[in-house]
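Residue strings, one per chain:
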Amino acid sequence: MKKSTYILLPVAAVFLAGCASMMPTDYKKMTKDMLFSSFQTKGIATIDRLNQDEIQAACSEAELTGKDLSDATRKRLEEQELAKVKYPANGQYFGDWAKGEKIAQSGVGMAWSNKADTVNGGNCYACHQLSKKEISYGTLGPSLYHYGKLRGNSEPIVKYTWVKLYNAKAYNVCTNMPRFGHLKGLTESQLKDVMALLLDPKSPVNN
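For the structure given in this document, a descriptive report is provided here.

What counts as what
- Residues numbered from 1 in each chain as written.
- Predicted model: local features only at pLDDT ≥ 70, side-chain atom pairs only at ≥ 80, totals over all residues.
- Heavy atoms only, no water.
- Core = buried A, V, L, I, M, F, W, Y, C linked by side-chain atoms within 4.5 Å.
- Buried < 20%, exposed > 50% of the residue type's maximum accessible area, 1.4 Å probe, protein only.
- Helix = DSSP H or I, 4+ residues; strand = E, 2+ residues; numbered from the N terminus.
- Contact = heavy atoms within 4.5 Å.
- Salt bridge = Lys/Arg side-chain N within 4 Å of Asp/Glu carboxyl O.
- Axes fitted to C-alpha atoms, helices over the stretch in contact; angles between N-to-C directions.
- Parallel < 35°, antiparallel > 145°, perpendicular 65-115°, else oblique.
- Left-handed = near helix turned anticlockwise from the far one by under 90°.
- Nonpolar A, V, L, I, M, F, W, Y, C, P; charged D, E, K, R; others polar.
- Disulfide = S-S within 2.5 Å.
- Phe/Tyr/Trp six-rings, centres within 6.5 Å; stacked < 30°, edge-to-face > 60°.
- Lys NZ or Arg CZ within 6 Å of the ring centre and 35° of its normal.

1. What to know about the nonpolar core
The nonpolar side chains of a soluble globular protein tend to be buried, and buried together.
Next up, step 1: Formed by 24 residues in total, the largest nonpolar core has its most connected members in Leu 130, Trp 162, Leu 191, Met 195 and Leu 198.
Next up, step 2: A total of six residues in this core trace back to one element, the largest contributor, which is helix 8 (residues 188-199).
Next up, step 3: With residues up to four places along the chain from it excluded, the contact list for Met 195 reads Tyr 93, Phe 94, Val 158, Thr 161, Trp 162, Leu 165 and Asp 200.
Next up, step 4: Counting seven residues, the second largest nonpolar core, distinct from the first, contains Ile 55, Ala 58, Cys 59 and Ala 62.

Here's what the structure looks like:
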């Protein structure tokens, strides 16, 4: 090896080391700063929607790194969410399935263009098949057609279904299903109507 090569090697090493020291290392902070600088509060859509709670942060980290949550962490977070579930104050779980169908069909609500008093929809058909009469539905979630017909309406099934609607992360911490009750996307009355849609034998879901 020529003498000039020996001279270049340490120079290159110093140069690379300097570049490395200049590279940003806190990518999480960079991402958060970028998000908060790119969005602004508009109408009812406020900037605080970008803040993640513990579960959202943990699931985002798992998605980014490709490493699933540990069994212990998953169990702890699911138990934490289950403890937050509020059951119907009067002990009655069912409302009007016809109203529940309208809620399932509606994707209105919580957007910047909505008024604060807008009645939110559940937009259930965006992810699930619920009725054979509906020809347009998403497949991100499982089919719920014949949900009640297949499962019945025993007390364990009723309570399980309520929890899934109120806070699905109590059963599957990184599920894509919205926490309708926990985040106040739907009212208690609306949740009862959707319960009836899923479990009432007369609803289109079960016919």
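Now, onward.
2. Looking at the pattern of salt bridges
Next up, step 1: Under the definition given, this model contains nine salt bridges.
Next up, step 2: Among the salt bridges present, the one from Asp 33 reaches Lys 29, with a minimum N-O distance of 2.8 Å. Placement of both Asp 33 and Lys 29 in helix 2 (residues 27-38) is noted, with a separation of four residues, approximately one turn of the helix.
Next up, step 3: When the shortest N-O distance is used, the salt bridge between Arg 74 and Asp 68 registers 2.8 Å.
Next up, step 4: Bridged by salt links that share partners, the residues Asp 53, Glu 81, Lys 84 and Arg 179 form one connected network.

3. Describing the packing of helix 3 (residues 54-65) against helix 4 (residues 71-82)
Packed helix pairs are specified by the crossing angle of their axes together with the interaxial distance, meaning the distance between the axes.
Next up, step 1: Running from N to C, helix 3 and helix 4 point in directions that differ by 150 degrees, and their axes come no closer than 11 Å. Taken together, helix 3 and helix 4 sit at an angle that is classed as roughly antiparallel. Helix 4 is crossed by helix 3, and the crossing has left-handed handedness. Contacts between helix 3 and helix 4 involve Glu 54, Ile 55 and Ala 58 from the first element and Arg 76, Leu 77, Gln 80 and Glu 81 from the second.
Next up, step 2: For the contact of helix 3 with helix 4, the class distribution of residues is three nonpolar, one polar and three charged.

4. Digging into the state of the cysteines
Next up, step 1: As enumerated under the stated definition, the model contains one disulfide in all.
Next up, step 2: At a sulfur-sulfur separation of 2.0 Å, the disulfide partner of Cys 59 is Cys 174. Because the sign of the S-S torsion sets the handedness, a value of about -90 degrees for the bond joining Cys 59 and Cys 174 places this disulfide among the left-handed ones. One end of the pair, Cys 59, is in helix 3; the other, Cys 174, is in the loop between helix 7 (155-167) and helix 8, with 115 residues separating them in the sequence.
Next up, step 3: Cys 124 takes part in no disulfide bond, and the closest cysteine sulfur to it belongs to Cys 127, at a distance of 8.7 Å.
Next up, step 4: Here Cys 124 falls in the buried class, since its relative accessible area comes to 13%.
Next up, step 5: Residue Cys 127 is classed as partly exposed on the basis of its relative accessible area, which comes to 25%.

5. Brief notes about the packing of aromatic side chains
Next up, step 1: Going through the model one piece at a time under the given rule, you end up with two aromatic pairs.
Next up, step 2: Consider the rings of Tyr 160 and Tyr 171, whose centres lie 4.9 Å apart with planes at 20 degrees: the pair is stacked. With Tyr 160 in helix 7 and Tyr 171 in the loop between helix 7 and helix 8, this residue pair connects regions lying 11 residues apart in the sequence.
Next up, step 3: The ring of Trp 112 has Lys 42 sitting right over it, with the charged end atom 4.1 Å from the ring centre.

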